[in-house]
Amino acid sequence: MNSYERVMTSLSFREPDRVPVAEFLIDKRVYTALMPDAEDQYDFDVKFGLDVIAARAWYGIVSESGPTFTDEWGIVYTRNKEAVAHPVRPAFEDMTFLKHFRVPDPDAPERLAGLPKIVKNHKKERAVAYGLRAMFLWAANLVGLDNLLVYMMMEPNFVHELLETILTSQIRLAVNAVRAGADIIVETDDYAFNNGPLMSPELFDTFITPRLTRFAESVHREGGFFLKHTDGNIMKIMDSFIAAGIDGIQSIDPIAGMDMAEMKEKYGKKISLWGNIDCGTLLADGTVEDVENAVKDCIKAGAKGGGFVLMSSNSIPYSAKPENFLTVLKAAKKYGVYPCAG
């Protein structure tokens, strides 16, 4: 099988020739340590044979001062050691902004970033993914996470309107990506801490589940798969993900108590599982032997019957030892061969 066939077979809950391997975000310091001449992650993914190659939605910087910058949404960030900058100040101080707020144009051609290049070079040879948010984290960054959670209780109409405004735009962007050749849409809103969801399951089903359902249905109508990323402990809202009709869940974070064997037993015939190699302590401080054993255990727990892609529990951060990440890639191909995976 080529990589595209391998991933599609697994997504269809059948066993491919070996377990597919993917990684959506690798810190530049890690991949250039393994491939010094790599200009970007795309070069690394191609050379090292990852089965999925991904692009992600691009939003420009409208102003910056030192390490601080503001993006097209009006959200303020500060650069740090991580590959992705984190927001430090909401875009708006109260709810009145929504009367005149306009989401950045989803039809702007630059939103697709590297997707056209990936499609041109790899369509039907490797699975092509495109990452973007749905609505929750954009809303949280616009008004502040704590404020958004309070508004869900005190100002539900405002939250519904805000989420709807964002979602409509993001669905449009996802549809554009599938029409441009993406096989998989990776939706990247996070919903949980290590000890559980950010909100009650009841609030999740009020504000999020119906919109995830519409997002997934829109992607499916275009012929794409819908993969949901979220780290943290999501067991209390897993049934909501199933009800929304998503095709896969990515992270399955062991640091948050997410167990691959339990996930496989409960949900392995309903949703594909993408993870769950600890990207924190294990890849930063573990030995090569520790990492190889973790890969073997993960494959043993998740691979049987397909519906499984091996990758990290979030992404590959700057703190990961390059040799440990390389061990993941090598061990996945060594131990992930079907029918005796694991």
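Take the nonpolar core next. General note: in soluble globular proteins, nonpolar side chains tend to be found buried as a group. Among the nonpolar cores identified, the biggest contains 105 residues, and Phe44, Tyr130, Leu162, Ile208, Phe241 and Leu310 are the most heavily contacted of them. Ranked by the residues each element gives to this core, the list is headed by helix α7 (residues 156-179), at 12 residues. The residues touching Tyr130, leaving out its near neighbours within four places in the chain, are Ala55, Arg56, Ala57, Arg111, Leu112, Leu115, Leu173, Ala177, Ala182, Ile184, Ile185 and Val186. In terms of nonpolar packing, the next biggest core, distinct from the first, is built from 15 residues, Tyr4, Ala22, Val52 and Met311 among them.

Tracing the chain through its elements places Asp189 in the loop between β7 (184-187) and β8 (192-193). One buried charged residue, Asp189, remains without a salt bridge, the closest side chain of opposite sign being Arg133 at 4.7 Å. Leaving out residues up to four positions away in the same chain, Asp189 has contacts with Arg133, Ala134, Met135, Phe136, Leu137, Lys228, His229 and Thr230.

This next bit is on the sheet that holds strand β5 (residues 86-89). A sheet is described by the order of its strands in space; here 4 strands give the open sequence β2-β3-β4-β5, paired in antiparallel fashion. Each edge of the sheet is formed by a strand with only one pairing partner; in this case those strands are β2 (61-65) and β5. Strand-to-strand twist in this sheet, taken as the mean axis angle between neighbours without regard to direction, amounts to 35°. Note that β2 and strand β3 (residues 68-71) share 4 bridges and pair antiparallel. Within β3, the position partnered with Ser65 by the bridge is Thr68.

Extensive coverage of strand β12 (residues 272-277) is indicated by the burial of 6 of its 6 residues. Where strand β11 (residues 248-251) lies against β12, 4 bridges are found, and the strand directions are parallel. Following the sheet pairing, Gly248 is matched in β12 by Ser272. Viewed along the sheet, the connection from β11 through helix α11 (residues 260-267) into β12 turns out right-handed. Two elements, β12 and strand β13 (residues 308-312), share 5 bridges in a ladder whose sense is parallel. Pairing of Leu273 across the sheet is with Phe308, part of β13.

The rules we used
Residues numbered from 1 in each chain as written. Predicted model: local features only at pLDDT ≥ 70, side-chain atom pairs only at ≥ 80, totals over all residues. Heavy atoms only, no water. Core = buried A, V, L, I, M, F, W, Y, C linked by side-chain atoms within 4.5 Å. Buried < 20%, exposed > 50% of the residue type's maximum accessible area, 1.4 Å probe, protein only. Helix = DSSP H or I, 4+ residues; strand = E, 2+ residues; numbered from the N terminus. Contact = heavy atoms within 4.5 Å. Lys, Arg positive; Asp, Glu negative; His and termini not counted. Salt bridge = Lys/Arg side-chain N within 4 Å of Asp/Glu carboxyl O. Pairing = 2+ DSSP bridges. Axes fitted to C-alpha atoms, helices over the stretch in contact; angles between N-to-C directions. Right-handed = clockwise from strand over helix to strand, strands pointing away.

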